[in-house]
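# Structural overview
One-letter residues, chain by chain:
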Amino acid sequence: MAGHSQFKNIMHRKGRQDAMKSKLFGKLAREITVSAKLGTPDPAMNPRLRAAIIAARAENMPKDNIERAIKKASGGEAETYDEIRYEGYGPGGVAVIVEVLTDNRNRTASDVRSYFTKSGGNLAETGAVSFMFDRLGVIEYGPEVASADAMLEAAIEAGADDVVSSEGGHEIYASQETYRDVAKALEATFGEPRKAALVWKPQNSVAVDDEQAEKLFKLIETLEEHDDVQHVYANFEVSEAAMAKMGA
């Protein structure tokens, strides 16, 4: 495991996910509202909205919350949010991408910059680190849905570029252009995925030592706890020993 999934694994084992549930629901609702406002409120005709609803369902967000967020957009009550991508370097020279939806650019920029500075890293210009990542679509299924061979065969037939299967499940990657078609084909075979979204996938990972890992995870955690931050991606890799040391 490398990169952000490694961080997620550590946070999950520490029981952080439950503590952040209501904050997470707020972020998911914001993405649903923005997606519905930018396109149509019909998820069948709005791929971004459909992805946002799948993400919400995967976190067991109540159906009423989802419908309320959609109605908020179609009723014209929704706040106006700007989509911004921040890029920078965290501890150990790790490249970090932060995606936000904000109604106050100055506040968010100031907060994100201070988080990077406090961690010993620095915020950079847009484009400074994103070239080290690929913008791809990912479709995820649980391990119980299919064997690794069956998933690989179906993914190839659907036009996917890569499949990573582990005991945690299956990750199917496709280009931005083919991602929607691949997701539709796989859904016809396996049902609704637990995730379908565009992500930033690191091309290579940077190994960080125990001390840097601790600072880096603190930075990612602080960023993720910010109300405006939707996603954080980073190109790091830590050892099993470092994970164990942090109580993972």
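Above this text sits the structure in question.
Read on for an overview of the structure. (Residues numbered from 1 in each chain as written. Predicted model: local features only at pLDDT ≥ 70, side-chain atom pairs only at ≥ 80, totals over all residues. Heavy atoms only, no water.)

### Section: the sheet that holds strand β4 (residues 133-141)
Note: strands within a sheet are paired through backbone hydrogen bonds, in either parallel or antiparallel orientation. Rules: Pairing between strands requires that DSSP locate at least two bridges from one strand to the other. Runs of H or I in DSSP of at least four residues are treated as helices and runs of E of at least two as strands, each being numbered from the N terminus. Fitting a line to C-alpha atoms yields each axis, with helices limited to the stretch in contact; the angle taken between N-to-C directions then spans 0 to 180 degrees. Contact definition: two residues touch when any of their heavy atoms are within 4.5 Å.
What the four strands build is an open sheet, ordered β5-β6-β4-β7; its pairing is antiparallel. Among the strands making up the open sheet, the edge pair consists of β5 (162-166) and β7 (195-202). Here the average twist between neighbouring strands, direction ignored, is 30°. Strand contacts of helix α8 (residues 179-190): β4, β6 (169-175) and β7, with the helix running at about 10° to β4, the strand carrying the most contacts.

### Describing the pairing of strand β2 (residues 95-102)
Heads up, the condition is: Note on exposure labels: buried denotes an accessible area under 20% of the residue type's maximum, exposed denotes more than 50%, and partly exposed covers the range between, all computed with a 1.4 Å probe on protein chains only.
Here β2 lies mainly inside the structure; eight of its eight residues are buried. Of the two faces of β2, both are covered, the one formed by Ala 95, Ile 97, Glu 99 and Leu 101 as well as the one formed by Val 96, Val 98, Val 100 and Thr 102. The pairing of strand β1 (residues 82-89) with β2 spans eight bridges and is classified as antiparallel. Paired with Asp 82 across the bridge in β2 is Thr 102. From the end of β1 to the start of β2, which pair antiparallel, there are five residues, and Gly 92 there has a positive phi angle of about 75°.

### Overview of the packing of aromatic side chains
Spelled out, the test is: The rule is short: rings of Phe, Tyr and Trp, with Trp giving its six-membered ring, pair when the centres are within 6.5 Å, and they are stacked under 30 degrees, edge-to-face over 60, tilted in between.
As enumerated under the stated definition, the model contains two aromatic pairs in all. Measuring from centroid to centroid gives 5.4 Å for Phe 217 and Phe 236, while their planes differ by 75°, and the two rings are edge-to-face. Placement of the pair is Phe 217 in helix α9 (residues 210-225) and Phe 236 in strand β10 (residues 236-237), with a sequence separation of 19 residues. You'll find Phe 217 and Phe 236 in the same group, each marked buried.

### Concerning the pattern of salt bridges
Basically, it comes down to this: One side-chain nitrogen of Lys or Arg within 4 Å of one carboxyl oxygen of Asp or Glu is enough to make a salt bridge.
Considering all chains together, one arrives at 14 salt bridges under this definition. The residue Arg 105 makes a salt bridge to Asp 82 at a minimum N-O spacing of 3.0 Å. With Arg 105 in helix α6 (residues 105-118) and Asp 82 in strand β1, this residue pair connects regions lying 23 residues apart in the sequence. Put simply, Asp 103 and Arg 107 hold a salt bridge, and the shortest N to O gap is 3.0 Å. In this structure Asp 103 comes out as partly exposed when scored by relative accessible area, which is 45%. Via salt bridges that share partners, Arg 30, Asp 103, Arg 107 and Asp 228 belong to a single interconnected network.

### Things to note about the sheet that holds strand β3 (residues 122-124)
The antiparallel open sheet is built from four strands, whose spatial order is β3-β1-β2-β9. Across the chains shown, the open sheet's two edge strands, defined by having one partner strand only, are β3 and β9 (229-234). For this sheet the average axis-to-axis angle between neighbouring strands, irrespective of direction, equals 30°. Bridge count between β2 and β9: five bridges; the pairing is antiparallel. Considered in β9, the bridge of Val 98 is made with Val 232.

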